[in-house]
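Report on the structure
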Amino acid sequence: MSMSAAPAGGDEDRPMSDINTTPLVDVMLVLLIIFLITIPVVIQTIPMQLPKVRFDPTTTKPENVSLSVRGVGGKCEVYWGLSRVDSNQLLQLAVNKLKLEIDKQGGMNAPGLELPEAHIRADINTPYRCVGGAIFNMQMAGFQRVGFISEPPPGGVTERL
């Protein structure tokens, strides 16, 4: 710690206006050392986006499309509702569904146009190429919102991230 003696001019009643900077310098040095240690750790990470798991209840609307995807014996099975479809049929059904909904709401320039969503339910052991193919076909048809249906954890309590 530092100590201040009385001023040299005999003005002992005058308040001292000097700031003791020693504690400030000590704190700054400690922060500098901390940053020098932590910055290399932060910079050396691999850039990636990790999935955030949370449960959002879906609002089921009659215009939404429900797809089920399974991988059986190395082959992909896609079901539109309860009927099995191949890739070409899926694309054609999706285009027809989207056109029907747009026409029903008054065309592409209708105010408040709400496009249907595609909800994909996939088995946990389904290869990604099967799910990716269904997503690709729905996006090619013009569906802007493609979501996944999952099963909530047991107990009914979910945490939001």
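Residues numbered from 1 in each chain as written. Predicted model: local features only at pLDDT ≥ 70, side-chain atom pairs only at ≥ 80, totals over all residues. Heavy atoms only, no water.

Next up on the list: the pairing of strand β1 (residues 65–72). Each regular strand displays side chains that alternate between the two surfaces of the sheet. Two elements, β1 and strand β4 (residues 118–122), share 5 bridges in a ladder whose sense is parallel. Of the residues in β4, the one forming a bridge with V65 is A118. Alignment of β1 against strand β2 (residues 75–80), held across 6 bridges, turns out to be antiparallel. Bridge pairing in β2 links V72 to K75. Remark: 2 residues form the turn of the hairpin made by β1 and β2, two consecutive strands paired antiparallel; G73 in that turn has positive phi of roughly 60°. (Pairing = 2+ DSSP bridges. Helix = DSSP H or I, 4+ residues; strand = E, 2+ residues; numbered from the N terminus.)

This part covers the side chain of E117. Here E117 lies in the loop between α2 (87–104) and β4. Here the side chain of E117 touches H119 through a polar contact of 2.9 Å, side chain to side chain. With residues near it in sequence (within four places) discarded, E117 still touches N64, V65, F143 and R145. (Polar contact = N/O pair within 3.5 Å; in protein donor to acceptor, adjacent residues only side chain to side chain. Contact = heavy atoms within 4.5 Å.)

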